Protein chains: 4
Amino acid sequence: MSDTVVRAGIVGGTGYSGGELLRLLLAHPRCKIQAVSSRSRAGEPVSGLFTNLRGRIDLDFIRPQLSLLKDCDVVFFATPNGTAMTMAEALLADGVRVIDLSADFRLHDHQVWQQWYGMEHACPTLLSEAVYGLPEINRAQIRAARLVANPGCYPTAVQLGFLPLLEAGLLKPDALIADAKSGLSGAGRKAETNLLYSEIDENFSAYHVDGHRHLPEITQGLQVAAGQPVVLTFVPHLVPMVRGIHATLYGRLLEKDVDLYELYRRRFSDEPFVDVLPSGQHVETRAVRGSNDCRLAVFRPQGRDTVVVLSVIDNLIKGAAGQAVQNMNIMFGLEETMGLGAVAMLP
Amino acid sequence: MSDTVVRAGIVGGTGYSGGELLRLLLAHPRCKIQAVSSRSRAGEPVSGLFTNLRGRIDLDFIRPQLSLLKDCDVVFFATPNGTAMTMAEALLADGVRVIDLSADFRLHDHQVWQQWYGMEHACPTLLSEAVYGLPEINRAQIRAARLVANPGCYPTAVQLGFLPLLEAGLLKPDALIADAKSGLSGAGRKAETNLLYSEIDENFSAYHVDGHRHLPEITQGLQVAAGQPVVLTFVPHLVPMVRGIHATLYGRLLEKDVDLYELYRRRFSDEPFVDVLPSGQHVETRAVRGSNDCRLAVFRPQGRDTVVVLSVIDNLIKGAAGQAVQNMNIMFGLEETMGLGAVAMLP
Amino acid sequence: MSDTVVRAGIVGGTGYSGGELLRLLLAHPRCKIQAVSSRSRAGEPVSGLFTNLRGRIDLDFIRPQLSLLKDCDVVFFATPNGTAMTMAEALLADGVRVIDLSADFRLHDHQVWQQWYGMEHACPTLLSEAVYGLPEINRAQIRAARLVANPGCYPTAVQLGFLPLLEAGLLKPDALIADAKSGLSGAGRKAETNLLYSEIDENFSAYHVDGHRHLPEITQGLQVAAGQPVVLTFVPHLVPMVRGIHATLYGRLLEKDVDLYELYRRRFSDEPFVDVLPSGQHVETRAVRGSNDCRLAVFRPQGRDTVVVLSVIDNLIKGAAGQAVQNMNIMFGLEETMGLGAVAMLP
Amino acid sequence: MSDTVVRAGIVGGTGYSGGELLRLLLAHPRCKIQAVSSRSRAGEPVSGLFTNLRGRIDLDFIRPQLSLLKDCDVVFFATPNGTAMTMAEALLADGVRVIDLSADFRLHDHQVWQQWYGMEHACPTLLSEAVYGLPEINRAQIRAARLVANPGCYPTAVQLGFLPLLEAGLLKPDALIADAKSGLSGAGRKAETNLLYSEIDENFSAYHVDGHRHLPEITQGLQVAAGQPVVLTFVPHLVPMVRGIHATLYGRLLEKDVDLYELYRRRFSDEPFVDVLPSGQHVETRAVRGSNDCRLAVFRPQGRDTVVVLSVIDNLIKGAAGQAVQNMNIMFGLEETMGLGAVAMLP
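Right, let's walk through the structure included here. As the structure is a computational prediction, the values presented were derived from the model and not from experiment.

Conventions and cut-offs
Residues numbered from 1 in each chain as written. Chains lettered and ligands numbered in written order. Predicted model: local features only at pLDDT ≥ 70, side-chain atom pairs only at ≥ 80, totals over all residues. Heavy atoms only, no water. Helix = DSSP H or I, 4+ residues; strand = E, 2+ residues; numbered from the N terminus. Rg over C-alpha atoms; globule rule 2.2 N^0.38 Å. Buried < 20%, exposed > 50% of the residue type's maximum accessible area, 1.4 Å probe, protein only. Contact = heavy atoms within 4.5 Å. Lys, Arg positive; Asp, Glu negative; His and termini not counted. Charge placed at Lys NZ, Arg CZ, Asp CG, Glu CD. Buried area = accessible area lost by both parts, 1.4 Å probe. Salt bridge = Lys/Arg side-chain N within 4 Å of Asp/Glu carboxyl O. Polar contact = N/O pair within 3.5 Å; in protein donor to acceptor, adjacent residues only side chain to side chain. Nonpolar A, V, L, I, M, F, W, Y, C, P; charged D, E, K, R; others polar. Pairing = 2+ DSSP bridges. Least-squares fit on C-alpha atoms with pLDDT ≥ 70 in both. Axes fitted to C-alpha atoms, helices over the stretch in contact; angles between N-to-C directions. Parallel < 35°, antiparallel > 145°, perpendicular 65-115°, else oblique. Phe/Tyr/Trp six-rings, centres within 6.5 Å; stacked < 30°, edge-to-face > 60°. Lys NZ or Arg CZ within 6 Å of the ring centre and 35° of its normal. Left-handed = near helix turned anticlockwise from the far one by under 90°.

## Comments concerning the overall build of chain A
Looking only at helices and strands, chain A has 11 helices and 13 strands in total. Its C-alpha atoms give chain A a radius of gyration of 20 Å, within 12% of the compact-globule value 20 Å for 347 residues. C-alpha atoms of chain A, sized along the principal axes, occupy 60 × 45 × 40 Å. Put simply, chain A has 347 residues, and 65% of those count as buried. In chain A, the share of contacts with a sequence separation of at least 24, taken over all contacts with a separation of at least 6, comes to 70%. With 32 positive and 37 negative side-chain charges, chain A shows a spacing of 3 Å between the two charge centroids.

Dropping the structure here:
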């Protein structure tokens, strides 16, 4: 296996996740980018859009065609929701493995999916096969998966933060709160006035308090970890910065006599990308910006029964493209950390 | 009373709250700034430091001396904690009324104060006389007060957000959560490396999760409103922007059959500076930046028993200098909104 | 004239200049906003779009119809280029005075206009009547004007900065350089990906170095001031901030024995909105943000023959809506500074 | 030479350049960080200050002692001006090569140095030996140097931008203008109020227009390139962003019949870190952020005789730590690009 070169295709390579995938895969020692597709920019050089890649990549965007993608070992979908579900089946039939960064295969229940995503699911039969690509939970299944549903950014930060407490049965299951804050790159590269610089800068606001699409995805994962139904209140906010998610998690402890730091440290001691800070230290988004790390800190203010967990990731790396590469590494028997060693720049 | 001119002094006029006080009072039709003191800049022109005031104010900073301040009708303290408590008594003795923007007189219990502020209180006898200057609760007492303790920024946003629910006895008192986010001006104009542009920009983090000084102040106020002890978890965060606080508040409803919007609307219908948004709308900090308004929005996600209240203010206006002017207006029988009509600039 | 109330209409009130006009006119003691039009939002409340105006304005957007606008004393166009030129004539015929914030009437020569703006001019006959609304040059003509072409933002900052030197014949006319930097609000509220927060934040770049539309407008003005042809190199840049223009101007002195500060001070001594800083001090955009001021500073580094002028304005105020109100005041015989007294907020 | 491991020491490792040096050297395949000194933090773990390096480096800061540094092959000084000049001689005597990121050895003339830096030079005898570490000019001398004076950030961007034109004798030598804009990290990690987030954000200003310390350094370099005296007007500005320098350069062409793009392309065709954009394209700072690249674009607006060059670098990489590593690679016979392959992150 030592000299495997994985031939990768990227469908929908013009958004921020697609751009990060390109940047990461170009530096990956065992991956070759075979094709990058974009309906709107077919024929244009990739480095014309991603000016940071000037001189590093020689490909042009192609139209998304199965015939050109079936020579790949793996195809990543960095498309808006609703595209991967129309193409995945054919690729799998051709023996191509699929990692979908969109939400198409994240929920097990296609009725729930349809309710939150407002369209009919084109391929519900694959929902049961798709493996939810959070390596810290599903590493073994990912290894064998043909189709990996790469987790959302908020779901990654929130699930990793709650995991140890829920797995240990230490939290009241009906009173979970995730107050999450995200940089703007999480909203994607969409020409919408409400994402303009002048609308976002010097402003802070919550959005979709009534219900964000990541809520069912997070709840589904937390229930698996808890082994029982949980009730989560999830409030996302926009931070005037480009990258980073900071999730502040609240739960009610059922038992107070527990060493929280030790619980977290032990749970993640073998995880290359989860770092638990010593008691009393605070996480910050910039310290993981550009890296595939999730950093966690656990507090019990005033020694009361409310636990506070701080969880940070780079939404485009561990929350999207980095985790996708991590999944690819696992699927193809490569070192899990390969190509993911970058350290955050400070400042 | 129609032609009263209030002669005002400002002690410690070189920080951000002091600067905002100057800007607001200069535009106030019934106030004359008599003196502005600063130990470090005595003798320098005020407009040299606050370049926005060039051509608008002709005063120099003076050293803080009682002899020069006792001709004032009111003295504002915009000093670090620990100063007002050494000067207030003498001013009151001379018939000068005092509005303290620092924390010196906000807590009733001087032992609690000493524990959180790490110094001995120089004037505990005045703590029982001092009126907590949140007009939406204490308007009548403020009118007659000699000494007003102007509330902290977080406490203003959090208390106004919880008030209607607590006063109506609708919340489980031991499970309140305030996840608060503040712009950097709240940290003041202090030469500290952790407040540098390069440390703050493109970063988001929580701080003092173990216990922030505003916790006892908020709890004290909430307990008065609730008429019983409450337990609050308070987690402050820094947002890479200059102005604005966004508090996201969580509580457990004891009764679900209540029209939350109506409850809030009614509670604040006579309040000139509290605006409750229609159901489903979200607040944003920029829409109150530069104004003395607090905006509130109430949600009950998925119709469950967790209520979410969003509360925004400009930390330097309603959270500091604007509220101080509002208190001055009340104390001197002026129109409460006088000099406070500015509308936020967008964008 | 003491109790005149000017009835104002705004066509195209949904952009940033339109929003600022609304905010300024609402606070203007002698102006009544009669109608605000928007093709796309007709029927919606104005305060739904401009959330800062909630509770301050009760109007709905209307469709732009002459019948509804002809009752106004003045109509402001805050529309994209190409609209005012199709409606101005009819309004003038009805006795309505027009202040156009777009570029339609700024150039005297319609052929030059067509070349830079890429469309045919619908109303070239009005170009000779239109008065260029820079009060510091054309105050008398503005007073009598039926149609005022409100200057562009860059042109305001650059012209005010060069004026004293050119009027005094002190600069080599063929070697003017204007290196100008603008905040993003200058680009307007357009749904374009290159204006997204994630594209602009933490980035700095020049644009249109080959030729920006404001070049002929600036050159036209400078030539009038100089009384001879001038050659200007104009390079605009985007700064990751919302408001503010900083123009750094370079020229070659023909005579070195001149007191530059004194020259500038004297030229603008009667101007209420132009402030010349003492020698050695630097201007900053934030000190004029939200105000109608232009601040200038003049340097001659190392005593050589290159002069450097720094000029700052708020692009939406002195560079757009504020200057439009200043023009309205002049046209209707009101105090020129009326409604324009706001001081910049710091920080 | 293939398995050389360079043992490196860093003196003054607590600033932004020091931090970047650490980050780059940790990822360098042929370098081992031997020691990192800091007077103020001696004894503390390096990763406590640079939280991005948690888990990547195990060293504690030491006090700066010659005895501990003389085992290094190379010592980098990332200290404030005035330190390297007191330690370099002793290190060189011990056979240690020195790369100084401060300004101590950048000027040939110690009198000029003293005039601009306001202190006496402690080691003027080394000024003639020190090699100015701009590889694009001095590669051969750097290879053999014992002492390299690493260029300043502005000087790197400005010199690379002017080089081809000056070397070719195409510019009027007495009319050079460099209008330069820098992110805040260039000002260093100093506890000064004027560098606070609240002072910098949403603001743009020029500084030191009367004369910035980088002026004599740039002029010295340009004169070597031009082979004659040049007169430069240099105006630096602060941009509200962390990283990046954008220099906009202006010159008067002595000859107009020249293919500027071709001139630049050819001059830098063998340079691994200088990239000339095709005619008509604009550079942007974010496309080089985190990389060691300098990107250039050349314009001649309206085909006149003023040439405009746009030059961007990451001030902490090509403008400091990256260039220092590039110099180390050259000095020790390593591949010049080793450890410097990082691509900018977008967005």
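## Overview of the interface of chain D and chain C
The interface is formed by 49 residues belonging to chain D together with 49 residues belonging to chain C. Summing the contributions of chain D and of chain C, the shared interface buries around 3,900 Å²; its carbon and sulfur component is 54%. For the chain D face of the interface with chain C, the top three residues by lost area are Glu202, Phe204 and Val209 of chain D, together amounting to 16%. Joining chain D to chain C, the criterion identifies six salt bridges. Here Glu199 of chain C makes a salt bridge to Arg286 of chain D, at a shortest N to O gap of 2.7 Å. Counting across the chain D and chain C interface gives 30 residue pairs in polar contact (both at pLDDT 80 or more). Looking at the side of chain D that touches chain C, the elements with two or more residues in it are strand S7 (176–182), helix H8 (197–200), strand S8 (205–206), strand S9 (232–238), strand S10 (245–252) and strand S13 (306–313) of chain D. A class-by-class count of the residues in the side of chain D that touches chain C yields 22 nonpolar, 14 polar and 13 charged.

## Overview of the sheet that holds strand S2 (residues 31–37) of chain D
One open sheet accounts for six strands, arranged S2-S1-S3-S4-S6-S5 (chain D); its pairing is parallel. Sheet topology places S2 and strand S5 (131–132) of chain D at the edges, where each strand pairs with a single neighbour.

## Details of the relation of the copies chain C and chain A
By a simple turn and slide, chain C fits onto chain A: the slide is 0.0 Å along the axis, the RMSD is 0.0 Å, and the turn is 180 degrees. Considering both components of the superposition, the chain copies are consistent with a two-fold axis.

## Things to note about the packing of helix H7 (residues 153–167) of chain D against helix H10 (residues 260–267) of chain D
In a packed pair of helices, the relevant descriptors are the angle between the two axes and the axis-to-axis distance. All names here are of chain D. At a minimum axis distance of 10 Å, the contact between H7 and H10 shows a crossing angle of 105 degrees. Relative to H10, the element H7 is oriented roughly perpendicular. Contacts between H7 and H10 involve Gly161, Phe162, Leu163, Pro164, Leu165 and Glu167 on the former and, on the latter, Leu260, Leu263, Tyr264 and Arg267. Across the contact of H7 with H10, the residue classes tally to seven nonpolar, one polar and two charged.

## A look at the packing of aromatic side chains
Overall, the coordinates contain 14 aromatic pairs over all chains when judged by the stated rule. With a centroid separation of 6.4 Å and 10 degrees between ring planes, the pair formed by Phe204 of chain C and Phe204 of chain D is classed as stacked. Here Phe204 of chain C, found in the loop between helix H8 (197–200) and strand S8 (205–206), pairs with Phe204 of chain D, found in the loop between H8 and S8, and the two come from separate chains. Overall, Phe204 of chain D belongs to the buried group, its relative accessible area being 0%. Residue placement shows Arg97 of chain B over the ring face of Phe332 of chain B; its charged tip is 5.0 Å from the ring centre.

## Quick look at the pattern of salt bridges
What the rule picks out here adds up to 96 salt bridges over all chains. The salt bridge involving Asp174 of chain B is made with Arg252 of chain A; its shortest N-O contact spans 3.5 Å. In this pair, Asp174 of chain B is assigned in the loop between helix H7 (153–167) and strand S7 (176–182) and Arg252 of chain A in strand S10 (residues 245–252), connecting two distinct chains. Its relative accessible area of 33% is what places Asp174 of chain B among the partly exposed residues.

## Quick word on the pairing of strand S1 (residues 6–11) of chain B
As a general feature of sheets, a regular strand has side chains that alternate between the two faces. Residue and element names in this part refer to chain B. Counting buried residues in S1 gives five out of six residues, a clear majority hidden from the surface. Note that S1 and strand S2 (residues 31–37) share six bridges and pair parallel. Bridge pairing in S2 links Val11 to Ser37. Where S1 lies against strand S3 (residues 74–77), four bridges are found, and the strand directions are parallel. Along S3, the bridge assignment pairs Ile10 with Phe76.

## Describing the interface of chain C and chain A
Each partner contributes residues to the interface: chain C has 19 residues there, and chain A has 19 residues. When residues of chain C are sorted by the area they lose upon contact with chain A, Leu196, Tyr197 and Ser198 of chain C head the list and together hold 41% of the total. Applying the counting rule to chain C against chain A returns two salt bridges. Its salt-bridge partner being Arg189 of chain A, residue Glu199 of chain C comes within 3.5 Å of it at the nearest N-O pair. Applying the counting criterion to the chain C and chain A interface returns 12 residue pairs in polar contact (both at pLDDT 80 or more). The greatest single-element share of the side of chain C that touches chain A, amounting to four residues, is contributed by H8 of chain C. Of the residues belonging to the side of chain C that touches chain A, the class tally is 10 nonpolar, four polar and five charged.

## A word on the packing of helix H6 (residues 135–144) of chain C against helix H11 (residues 317–331) of chain C
Residue and element names in this part refer to chain C. The N-to-C vectors of H6 and H11 enclose an angle of 40 degrees; their axes lie 9 Å apart at closest approach. Relative to H11, H6 is oriented oblique. Like other packed secondary-structure pairs, H6 and H11 cross with a definite hand, here right-handed. Between H6, through Pro135, Glu136, Arg139, Ile142 and Arg143, and H11, the contact on the second element is made entirely by Lys318, Gln323, Gln326, Asn327, Ile330 and Met331. Grouping the constituent residues of the contact of H6 with H11 by class yields four nonpolar, three polar and four charged.

## Examining the relation of the copies chain D and chain C
The operation relating chain D to chain C is a screw motion whose rotation component is 180 degrees, with 0.0 Å of axial translation and a residual RMSD of 0.0 Å. Of the interface residues in chain D, 100% have counterparts in chain C that sit at the interface too, so the contact is made through matching surfaces.

## What about unusual backbone geometry?
Note: most residues except glycine have negative phi, and most peptide bonds are trans. Residues and elements named next belong to chain B. Cis peptide bonds are those with omega within 30 degrees of zero, and the linkage from Leu346 to Pro347 qualifies with -5 degrees. Residue position: Pro347 is located in the segment after helix H11 (317–331). Phi at Glu202 takes a positive value of approximately 55 degrees, unusual for a residue other than glycine. One can find Glu202 in the loop between helix H8 (197–200) and strand S8 (205–206). A residue is classified by how much of its surface remains accessible, and Glu202, at 6% relative accessible area, is buried.

## Some words on the pairing of strand S9 (residues 232–238) of chain B
Residue and element names in this part refer to chain B. Across the seven residues that make up S9, a large majority, seven, are buried. The side-chain alternation of S9 yields two buried faces, one formed by Leu232, Phe234, Pro236 and Leu238 and the other by Thr233, Val235 and His237. Here S7 pairs with S9 via seven bridges, running parallel. Each bridged residue has a counterpart across the sheet, and for Lys181 the counterpart in S9 is His237.

Structural measurements only, silent on function.
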